[in-house]
Amino acid sequence: MRFLTPAFLAGLAALAIPVLIHLINRERRVVVQFPSLMFLQKIPYKSVRRQKLRHLLLLALRCLALVLLVGAFARPFLERRALGGAALLGARERVILLDRSYSMGYGDHWKRAQDAAKAAVRDLAQADRAMLVLFANDASANTTPTANHAAVERAVDAATVSAEGTRYAPALKLAAQIFAGSNLPRREVVLISDFQNVGWNHRDDVRLPPGTVMTTVDVAGGPGREMAVAQVTTDRDREARGDGRDRVTVAARLTNTGAQPRTVDVTLELGGRVAESKRVTAPASGAVQVRFAPTVVPATATRGTVRIPTDALAANDAFHFTMASDDAVSVLVIEPARARANQSLFLARALAIGDRPTFRVDVRPVGAVTTAALAGRSLVVLNEVAPPAGALGQRLRDLVAAGAGLLIAPGDLRAETWPAEWRALLPVRLGAVVDRTGTAGGTLASVNYGHPVFELFAAPHSGDFSTAHLFRYRALTVPLDSGVIARFDDGAPALVERAAGQGKIVLWASTLDAYWTDLPLQPVFLPLVHELAKYAGRYSDARAWFTAGDVLDLSRHGELTSAFRAALARDTTSGAAPLVLESPSGTRTRLDPAGPQHLAELREQGFYELRGPATPVGSGRPIAVNVDLAESDLSRFDPRALVAAVTAPPGPGAAAASDAAVLPEEIERRQTTWWYLLLAALILMAAETVLSNRLSRSSS
Amino acid sequence: MTAVAPEPVNFLDPAVLARIGSLELLARVVVEGFINGLHRSPHLGSSTDFAEHRAYMPGDDIRRIDWRLWARSDRFYVKEFEAETNTNFLAVLDVSRSMRYRGSGSDATAVSKLEYGSFLAAALSYFSSKQRDRVGLATFDGELVEYVPPSAKHLERVLQGLQRACQTPAAAGRQPSAVSPQPSDSPPPSAVRRLPAATLLPPLKKLSESTRRRCIIALISDLYEEPDAVMDALAHLHGRGNDIVVFHLLDRTELEFPFTDASNFIDLESGDRMPVIPDYLRRQYRELVAQHTAALARRTREARVDYALFDTSKPLDTALFAYLSSRQRLSRVR
């Protein structure tokens, strides 16, 4: 509280006068020699005390009236921070940022956070607006700014802990956006969290508007103590025992942040059943490795979980993963009936090297290719052969439309003889052969390193295409709906692609052997062929698990949809997205790997299931999602550092809602506290008058 | 005998008279007004003034036989003369410390209760002396201090005794006694030298044994005792056939308790101290005083004792009216 005219407070010194008089009178008590105390001694002493008390009341009334009178003249007023509720200077816009990362599930943190959020709502006055923002990896406004505080409280009650990690920047940026659109003069942020270190990056450039008051509520109180399954690895051992069956060894790393060693039973579950259990002891503030016995890789994608007993933070006590069956990419290379010697050798040999992925290459002369040979192929290579016609051609087109890839190296073939259906699908219009044998040959000069085919070569010293010489290649005319992935040094397209249904058709302007180019003899040939085959065959590294908060792009995870290609190829007429992704909680999302609905957010921990059009529930492709293990690091930072980083003191041009912008006289004039003090003083004086008159009458 | 009719007279305020001089003059001046137009005393005595005959009884002095009446009536009668029927007047004055109170502060008056009582006693003595009554004086302060037996020649001694009473310091000889118990609901007094309070009973009892003849006794005191104790003390005198007039003297401050400041009140008799906030106690004090004086008036009336309450701030004339009323009653009895 401040005073406009504090000099009047000197009047409070007058309060000492009656007290001094009382004390002085007590000290200088008059001595009266009286003839006899006979009658005085008969008066009961109790009545003396009662009357004394009444006079003390009188003294108190007079003193209080004096205090109120002096206070009224001193013109007091309250500054904005001393006021709660509806402001003197306007209503408040309060944004409540509620951390719902999975670390908030530790102990009773979440309950305390909800209570704090509701308390922040109840603290508001009627005119104030509140908004609830739930955040973990990102932030979402759960309500619109509203004066309906009950609705905000209900939203708090309905909120639950997520499986995601913590990031403060998105929440604070959202709060800043909310304030930017607010017309209320006062802005407040209440941040309720456990303030984990991992959530705040000092490089995050977030600033709240000047004058914003930020309050933090720390629900943690201290670093957590618990165990977690921090990591699981699956090492595949192909045909280790010579029985043609791959085996996988599951290993898990457990962490213990407690101050004491802990002994726990670690369980490996496969396909929903306990496969093995081990008892291990994790040292205090340390980790321990657990290795399970090798197990045969199931024929189909199988769910796996490494689990420890539930503790204070249950989310990281289980780690989910999937074990996929053989993920080899099946490649069919179709070469002419009278192929050149080693026409497909370089390609086949390059694809045969490596096991991530494994390429199962089948080279066949065009006459030996049947529709059965196309079954299950991820990539078909037409090595200087024309696309087949008839049923075989149709089957091939269907396979491509279902998601397989088609790599065409036309050589010197003339596309005019090709079936019209194929000509329509080609990504280019084939031109004449460009002969550069008279020179040193052309080179791949312009490469799109952002393209998945050449991403691997983006880093320096990852592959030099300038060493390869291309002596002959076809001139290509590229329509607008095709994409040029690489060009020769003369600008002519070298590698062009075009989508065909859910698959891709990629055309290489030169040959795949050393007939027209020495590219197959260069070190970059092998990785280029691998990347090209993976891209065209829509292969992506099979992920044993995802992290909550990841976005699943089915267009880039062919291993997840490979089981449904046949069904997808058949079902091309319905307009609905053909695949269903069901979350652990039962929420279903329709997805189309080749359409616009190919993205899905994986927000829940556990196993999602991707099912085809006719796939029974429980028989789909499992997709494991785990919590962000970085969130298991419960170390904390000082919330004040965050407040200091994102808030700024009101600048010279700050909004008028700031106290500094409003004169004290104006504040006092609006509050008129002096009027109430004066009225109270007058009432007390009237009461004192009545009481003193009564006492005088009773005395006389 | 003819009843004395009181006549309105103007008396000087004792406060004014105090400036004049000796007590005798004061008494003479005060009383002269009564003497004017006063009829002869109804008293009989051994003077030469014949008063009346009465039948001879064996043992009478034969010199008093009226032989002429025997010659006429052949019966023996003796003569009664005026001197034989003069009464005794005894002023009994309380000279205790409480009587020396003369008010307090701005309420202080020029005369104390003792001085006022002395004036009253002197005036009554002088008046009685003019009536050829025998006058005497007894002063007491818990016990008899001075005793002047009633005599026709003792007026001077009475006045001198009154002079000494006023001039003598109060209670120089009495020793402190044990602390008397306080009422249970009263605050304990502070530890100061406490003297026994003066009481009426011992001196009045002794006085009753000293007086052989019937007297008019004017008891002049502030009567700071319970009515029962006062009546017990008076009973000794009254039982001897004395006529008692009680003059209850109180200062105005004792009656109204006009004090305002919180003060330590000291009992002049006992020395007890008591912190008093007058505003708190005034009403109840006045009630107690009124109850006390009313009780005394009732009890004395029942005992056929005259009682008069006097405010020492008022003139002395009213005191004399009380005395004359008493005298009137006495004459009707005869």
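Residues numbered from 1 in each chain as written. Chains lettered and ligands numbered in written order. Predicted model: local features only at pLDDT ≥ 70, side-chain atom pairs only at ≥ 80, totals over all residues. Heavy atoms only, no water.

1. Thoughts on the pattern of salt bridges
All names here are of chain A.
Thought 1: According to the stated counting rule, one finds 45 salt bridges over all chains in the structure shown.
Thought 2: Linking glutamate 582 and arginine 611 is a salt bridge whose minimum nitrogen-to-oxygen distance equals 2.7 Å. Here the residue glutamate 582 occupies a position in strand β29 (residues 579-582), and arginine 611 occupies one in strand β32 (residues 606-611), the gap between them amounting to 29 residues. Of the two residues examined, glutamate 582 and arginine 611, each falls in the buried class.
Thought 3: Among the ionic contacts, a cluster of salt bridges with common partners joins Arg92, Arg94, Asp123, Asp128, Arg186 and Glu188. (Salt bridge = Lys/Arg side-chain N within 4 Å of Asp/Glu carboxyl O. Helix = DSSP H or I, 4+ residues; strand = E, 2+ residues; numbered from the N terminus. Buried < 20%, exposed > 50% of the residue type's maximum accessible area, 1.4 Å probe, protein only.)

2. Examining the sheet that holds strand β2 (residues 30-34) of chain A
Thought 1: The strand order across the open sheet built from three strands is β2(A)-β8(B)-β9(B), with neighbouring strands paired in mixed fashion. With one partner strand each, in any of the chains shown, β2 of chain A together with β9 (273-276) of chain B form the two edges of the open sheet. Taken over all neighbouring pairs, the strand axes of this sheet differ in orientation by 30° on average, direction set aside. (Pairing = 2+ DSSP bridges. Axes fitted to C-alpha atoms, helices over the stretch in contact; angles between N-to-C directions.)

3. Considering the side chain of Asp66(B)
Residues and elements named next belong to chain B.
Thought 1: The topology assignment puts aspartate 66 in the loop between β1 (45-55) and α3 (67-73).
Thought 2: Within the buried set, aspartate 66 has no salt-bridge partner at all; the shortest N-O distance to an opposite charge, 4.3 Å, is to lysine 79.
Thought 3: Residue contacts for aspartate 66: discarding those within four places in its chain leaves His53, Tyr77, Val78 and Lys79. (Lys, Arg positive; Asp, Glu negative; His and termini not counted. Contact = heavy atoms within 4.5 Å.)

4. Thoughts on the nonpolar core
Thought 1: Val380(A), Leu406(A) and Phe454(A) are the most contacted members of the largest nonpolar core, which has 66 residues in total.
Thought 2: Among the elements that take part in this core, helix α10 (residues 525-536) of chain A stands out by supplying seven residues, more than any other.
Thought 3: When sequence neighbours within four positions are dropped, the list of residues in contact with Leu406(A) reads Leu379(A), Val380(A), Leu382(A), Leu396(A), Val400(A), Trp422(A), Lys504(A), Ile505(A) and Val506(A).
Thought 4: With 31 residues, the next largest nonpolar core counts Ala91(B), Leu93(B), Leu155(B) and Leu159(B) among its residues. (Core = buried A, V, L, I, M, F, W, Y, C linked by side-chain atoms within 4.5 Å.)

5. Focus on the packing of helix α6 (residues 345-352) of chain A against α10(A)
All names here are of chain A.
Thought 1: It is at 9 Å that the axes of α6 and α10 come closest, and there the two elements cross at 80°. Here α10 runs roughly perpendicular to α6, going by the angle between their axes. Along its contact with α6, which presents Phe346, Leu347, Ala350 and Leu351, the element α10 presents Phe525, Leu526, Val529, His530 and Ala533.
Thought 2: For the contact of α6 with α10, the residue count by class is eight nonpolar, one polar and no charged. (Parallel < 35°, antiparallel > 145°, perpendicular 65-115°, else oblique. Nonpolar A, V, L, I, M, F, W, Y, C, P; charged D, E, K, R; others polar.)

6. What about the packing of helix α3 (residues 109-122) of chain A against helix α4 (residues 149-158) of chain A?
All names here are of chain A.
Thought 1: Contact geometry for α3 and α4: axes closest at 10 Å, N-to-C directions at 175°. When the interaxial angle is binned, α3 and α4 end up roughly antiparallel. On α4, the residues touching Gln114, Ala117, Lys118, Val121 and Arg122 of α3 are His149, Val152, Glu153, Val156 and Asp157.

7. Structural notes on the environment of Ala91(A)
All names here are of chain A.
Thought 1: The residue alanine 91 is located in the loop between β3 (76-77) and β4 (92-99) in this model.
Thought 2: For alanine 91, a relative accessible area of 13% corresponds to the buried category.
Thought 3: In sequence terms alanine 91 and leucine 124 are 33 residues apart; their C-alpha atoms lie 9.3 Å from each other.
Thought 4: In contact with alanine 91, other than residues within four places in its own chain, are Ala127, Asp128, Leu184, Pro185 and Arg186.

8. Considerations on a nonpolar patch on the surface
Thought 1: Residues Trp674(A), Trp675(A), Tyr676(A), Leu679(A) and Ile683(A) make up a contiguous nonpolar surface patch of roughly 530 Å² in combined accessible area.
Thought 2: As for its placement among the helices and strands, Leu679(A) is situated in helix α15 (residues 673-699). (Patch = residues over 30% accessible without salt bridge, like charges linked within 9 Å, V, L, I, M, F, W, Y side chains within 5 Å. Areas by Shrake-Rupley, 256 points an atom, 1.4 Å probe, with all protein chains shown as cover.)

9. Side note on empty space enclosed by the protein
All names here are of chain A.
Thought 1: Applying the stated criterion across every chain, the model contains six cavities of 30 Å³ or more.
Thought 2: The volume enclosed by the second largest cavity comes to roughly 90 Å³.
Thought 3: As for the second largest cavity, its lining consists of Leu495, Trp508, Thr511, Leu512, Thr517, Leu519, Pro520, Phe525, Leu528, Val529 and Leu532.
Thought 4: At four residues, the largest contribution of residues to the lining of the second largest cavity is made by α10. (1 Å grid on protein atoms, 1.4 Å probe; cavity = no way out; pocket = protein on both sides within 12 Å on 5 of 7 lines; lining within 4 Å. Points joined across faces, edges and corners; volume = space filled by probe spheres on them.)

10. So, the confidence of the model for chain B
Detail in the predicted coordinates should be disregarded across regions flagged by low pLDDT.
All names here are of chain B.
Thought 1: For chain B, per-residue confidence averages 74 on the pLDDT scale, and residues scoring 70 or more make up 67% of the total.
Thought 2: Long-range and interchain partners of residues 1-13, a stretch whose pLDDT sits below 50, account for 19 contacts in this model, where long-range means more than four residues apart.
Thought 3: Between residues 171-195, whose pLDDT stays under 50, and residues either more than four places distant or in other chains, the model counts 40 contacts. (pLDDT = per-residue confidence, 0-100.)

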